[in-house]
Amino acid sequence: MLSHPQAPNTIRGYYTLSAYSVRLPDLPPGVIKRLPRYPDVPAALLGRLAVDLTCRRQGIGEHLMLDAMSKVLKHSEAMGTVVLVVDAKHEKSAAYYQGHGFIPFPSAPLRLFMHLDTIAQALTSP
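So, here is what we can say about the structure in this document.

Conventions and cut-offs
Residue positions are given per chain, counted from 1 along the sequence in the order it is written. The predicted nature of this model means local features are confined to residues of pLDDT at least 70 and side-chain atom pairs, given and counted, to a pLDDT of 80 or more, with totals for whole chains, interfaces and linings taken over all residues. Where side-chain values are given, they derive from all heavy atoms of the structure, hydrogens and water being excluded. Each reported salt bridge corresponds to a side-chain nitrogen of Lys or Arg within 4 Å of a carboxyl oxygen of Asp or Glu. Note on conventions: DSSP H or I runs of at least 4 residues are helices, E runs of at least 2 residues are strands, and numbering of each starts at the N terminus. Classification of residues uses two cut-offs on accessible area relative to the type maximum, computed with a 1.4 Å probe and protein chains only: under 20% is buried, over 50% is exposed, and between them is partly exposed. Residues forming no salt bridge and having over 30% relative accessible area are the ones grouped into patches, like charges within 9 Å of each other and nonpolar side chains (Val, Leu, Ile, Met, Phe, Trp, Tyr) within 5 Å. Throughout, the Shrake-Rupley method with a 1.4 Å probe supplies accessible areas, and for residues the shown protein chains are the sole cover considered. In this tally, Lys and Arg are treated as positive and Asp and Glu as negative; His is ignored, and so are the chain termini. Every charge is mapped to an atom, namely NZ of Lys, CZ of Arg, CG of Asp or CD of Glu. In this analysis, strands are considered paired if DSSP registers two or more bridges between them. Here a polar contact means two N or O atoms within 3.5 Å. Within protein one must be a hydrogen donor candidate and the other an acceptor candidate, and residues neighboring in sequence count only if both atoms are side-chain atoms. Contacts: residue pairs with any heavy atoms within 4.5 Å of one another. Here the arc refers to the directions that run from the helix axis out to each C-beta atom.

## Looking at the pattern of salt bridges
And step 1. Under the counting rule described, the total for this entry stands at three salt bridges.
And step 2. Residue arginine 23 is joined to aspartate 40 by a salt bridge in which the shortest nitrogen-to-oxygen separation is 3.0 Å. In this pair, arginine 23 is assigned in strand β2 (residues 11–23) and aspartate 40 in strand β3 (residues 40–51), connecting sequence segments 17 residues apart.
And step 3. The closest approach of N and O atoms between aspartate 87 and arginine 111, which form a salt bridge, is 2.6 Å. Taken together, the positions of aspartate 87 in strand β4 (residues 83–87) and arginine 111 in strand β6 (residues 108–115) put the pair 24 residues apart, joining distant regions of the chain.
And step 4. A relative accessible area of 27% means that arginine 111 is categorised as partly exposed.

And the structure:
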């Protein structure tokens with residue numbers, strides 16, 4: 001949750017994270033090659049990412065997404081997480097996530113994922 005500096009009781013945006021799993025066959029073949037051969041792989045779900053309408057286009061959504069990625073990466077070893085999953089509400093949201101490196105699931109274009117290796121690279125790149 002991110003509050004407004006001048007109005008600390010006003011929420012500017014928020015996100016939710018939860019433990020999740022993905023069926024291995026649901027991922028693209030190129031990603032499957034890099035994963036253990038279990039029927040399900042541990043994941044994190046970015047269940048909701050929202051920004052107050054009055055605060056749109058100020059980079060808050062990206063800030064929140066990077067914060068969520070950082071938390072997932074930090075806890076990934078303890079949880080065994082290999083991908084971060086997000087369900088986009090519509091095609092415009094899916095395009096936003098794709099612009100940040102998320103990849104659509106082949107069978108569900110509004111469900112996207114990012115491998116933890118990609119998150120690690122994104123968070124350590126200048």
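From this point, things continue past the structure.
## Considerations on a positive patch on the surface
And step 1. There is a patch of like positive charges on the surface, built from Arg48, Arg56, Arg57, Lys89 and Lys92.
And step 2. Here arginine 48 shows up in strand β3.

## Regarding the pairing of β3
And step 1. Both β2 and β3 contribute to a ladder of eleven bridges, which runs antiparallel. Directly across from arginine 23, in β3, lies its bridge partner aspartate 40.
And step 2. With four bridges joining them, β3 and β4 adopt parallel strand pairing. In the strand pairing of β4, leucine 45 is matched with valine 85.

## Brief notes about the side chain of histidine 115
And step 1. Among the structural elements, histidine 115 can be located in strand β6.
And step 2. The exposure class of histidine 115 is buried, given its relative accessible area of 10%.
And step 3. For histidine 115, the side chain forms a polar contact with the main-chain nitrogen of aspartate 117, separated by 3.0 Å.
And step 4. With sequence-adjacent residues up to four places away left out, histidine 115 is seen in contact with Val31, Arg34, Leu35, Val82 and Val83.

## Description of helix α3 (residues 91–99)
And step 1. All of the buried residues in α3 are Ser93, Ala94 and Tyr97. Buried residues in α3, looked at end-on, bunch into an arc of 100°, giving them a common side. Residues Glu91, Lys92 and Gly99 are exposed on α3 and point more than 90 degrees away from its buried face.
And step 2. On its buried face, α3 sits against β3, α2 (60–79), β4 and β6.
And step 3. Just downstream of α3 lies glycine 101, where phi reads positive at about 100°.

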